[in-house]
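Report on the structure
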Amino acid sequence: MRTFRIKYIFIALLSLIALDCGSAVAQSVRAERRLINEGNKLYNERKFAEAAKKYESAIGVNSSSAVGHYNLGLAQIKQVTNPQDTTPKSKSLLDNARKNLSSVAAMAKEKPGLASKANYNLGNLEYNQKEYKNAIEYYKQALRIDPSDNSARKNLRIAQKQMQNQDQNKDQNQDQNKDQNKDHNKDQNQDQNKDQNKDQNKNQDQKQDQKQDNNISPQVANQILQAVDNKENQTRARVNRASKGDKSKGEGGSRKRW
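Along every chain, residues carry numbers that run from 1 in the direction the sequence is written. Only residues with pLDDT of at least 70 get local features here, since the model is predicted, and only at 80 or more are side-chain atom pairs given and counted; chain-wide, interface and lining totals rely on the full set of residues. The side-chain values count all of the structure's non-hydrogen atoms but skip hydrogen atoms and water molecules.

Description of the pattern of salt bridges
A pairing counts as a salt bridge when a side-chain nitrogen of Lys or Arg comes within 4 Å of a carboxyl oxygen of Asp or Glu. Per the counting criterion, the structure on display carries seven salt bridges. In this structure, the salt-bridge partner of Glu-45 is Lys-41, at a minimum N-O distance of 2.9 Å. Accessible area is worked out with a 1.4 Å probe on protein chains only. A residue is then buried under 20% of its type maximum, exposed over 50%, and partly exposed in between. Note on Glu-45: relative accessible area 36%, which makes it partly exposed. For Lys-41, a relative accessible area of 53% translates into the label exposed. Notably, a salt bridge pairs Arg-98 with Glu-126, separated by 3.0 Å at the nearest N-O pair. Of this pair, Arg-98 sits in helix H4 (residues 88-105) while Glu-126 sits in helix H5 (residues 112-128), and the two are 28 residues apart along the sequence. By sharing partners, the salt bridges in this structure join Lys-91, Asp-95, Arg-98 and Glu-126 into a single network. Secondary structure counts use DSSP, requiring at least four H or I residues in a row for a helix and at least two E residues in a row for a strand, with both numbered from the N terminus.

Regarding the packing of helix H3 (residues 66-78) against H4
Throughout, an axis means a line fitted to C-alpha atoms (over the contacting stretch in the case of helices), and angles, computed between N-to-C directions, take values from 0 to 180 degrees. Packing of H3 against H4 brings their axes to within 8 Å, and their N-to-C directions diverge by 150°. One finds that H3 runs roughly antiparallel with respect to H4. Two packed elements cross with a definite hand, and for H3 against H4 that hand is left-handed. Residues Ala-66, His-69, Tyr-70, Leu-72, Gly-73, Gln-76 and Ile-77 of H3 lie in contact with H4, whose contacting residues are Leu-93, Leu-94, Asn-96, Ala-97, Asn-100, Leu-101, Ser-103 and Val-104. Any residue outside Ala, Val, Leu, Ile, Met, Phe, Trp, Tyr, Cys, Pro, Asp, Glu, Lys and Arg is labelled polar, Gly included; the first ten of those are nonpolar and the last four are charged. Split by residue class, the contact of H3 with H4 holds nine nonpolar, six polar and no charged. Throughout, the term roughly parallel applies to angles under 35 degrees, roughly antiparallel to angles over 145, roughly perpendicular to angles from 65 to 115, and oblique to all others. With the far helix as reference, a near helix turned anticlockwise by less than a right angle produces a left-handed crossing, and one turned clockwise produces a right-handed crossing. By definition in these notes, contact holds between two residues if any of their heavy atoms fall within 4.5 Å.

Quick word on unusual backbone geometry
As a rule of thumb, non-glycine residues mostly have phi less than zero, and peptide bonds are mostly trans rather than cis. One non-glycine residue, Arg-46, lies in positive phi territory at about 65°. The topology assignment puts Arg-46 in the loop between helix H1 (2-44) and helix H2 (48-61). Residue Lys-130 is not a glycine yet carries a positive backbone phi of 65°. Looking at the secondary structure, you find Lys-130 in the loop between H5 and helix H6 (132-145). Its relative accessible area of 45% is what places Lys-130 among the partly exposed residues.

Brief notes about the packing of aromatic side chains
Put simply, two rings from Phe, Tyr or Trp (the six-membered ring, in Trp's case) pair if the centres are within 6.5 Å, and we call them stacked under 30 degrees between planes, edge-to-face over 60, tilted for the rest. Tallied over the full model, the rule gives three aromatic pairs. Relative to Phe-48, the ring of Tyr-43 lies with its centre 5.1 Å away and its plane at 70°, an arrangement referred to as edge-to-face.

A short note on H5
Here a helix's expected span is defined as the number of its residues, less one, multiplied by 1.5 Å. For H5, built from 17 residues, the straight-helix expectation of 24 Å at 1.5 Å per residue is met to within 8% by its first-to-last C-alpha distance of 24 Å. Within H5, 12 of the 17 residues are buried, which leaves it mostly tucked inside the rest of the structure. Taken together, the buried positions of H5 are Leu-114, Ala-115, Ser-116, Ala-118, Asn-119, Tyr-120, Asn-121, Leu-122, Gly-123, Asn-124, Leu-125 and Glu-126. Phi turns positive one or two residues past the end of H5, at Lys-130, with a value near 65°.

Some thoughts on the environment of Gly-123
Within the fold, Gly-123 resides in helix H5. Using a relative accessible area of 0% as the deciding quantity, one classes Gly-123 as buried. Along the sequence, Gly-123 and Tyr-139 sit 16 residues apart, while their C-alpha atoms lie 5.6 Å from each other. Sequence-distant contacts of Gly-123, defined by excluding residues within four places in its chain, comprise Ala-135, Tyr-138 and Tyr-139.

Here we look at the side chain of His-69
With respect to the helices and strands, the residue His-69 is situated in helix H3. Its relative accessible area of 15% is what places His-69 among the buried residues.

Remarks on the confidence of the model for the protein
One rule of thumb: low pLDDT means the predicted coordinates there are not for detailed reading. With 60% of its residues at a pLDDT of 70 or more, the protein shows a mean pLDDT of 77. Every residue gets a pLDDT, meaning the predictor's confidence in that residue, from 0 to 100. In this model, residues 201-218 is a region of pLDDT below 50 whose contacts with residues beyond four sequence positions or in other chains number one contact. Below a pLDDT of 50 lies the segment residues 246-258, which in the model reaches zero contacts outside its immediate sequence neighbourhood of four places, other chains included.

Here's what the structure looks like:
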């Protein structure tokens, strides 16, 4: 009899614990839904920061809340008016939005509907930041999960076209840079040649100046010739005088006999 009472009490306690756990889970689910609904109301009123706080509270109640993470990601994106804003606040919001949406995008088996939408919105996020390659991958993943998503298919074609244009512009810019480098090098060579020509011309001018300095003017040449003639005349005169002296000595004196 005593053993029966112990077993009965033990089973009763297990039942109470199970009922209590079930009640706690139910309360948690209700709290999560209530917070998400409050957040949705604020979101529709475009009070995105306040809505984000409600979604964060819902995640605090249930950390695995797919709806909470998904809606929080959207509310964080909506707080950034310019997707290309690189200020710390905007960058933090977009990074956190990417994390929240990515956690839902990975739930293709458990939550295929939300996972497809999460991939689609991640594609839009990357597209708005001109990361077309990443956007294409997210749109493709959204279509893998939900092939009937026409919005993802449409955005995929747009992103592919934008990426094609981006690649063409990149190639054109590279070609333009090559042409600019060629022109720049050509200009440098021309400038260098000009400088060399200037130096050569300068050297030629200097040489011409030197030649002009070395050239003797007619007046100077005449003076030099006149001086040479004068010296020759003086020498000839001395020779003539010497010859006349020897001749006069021979006539007036005795010839030496050998």
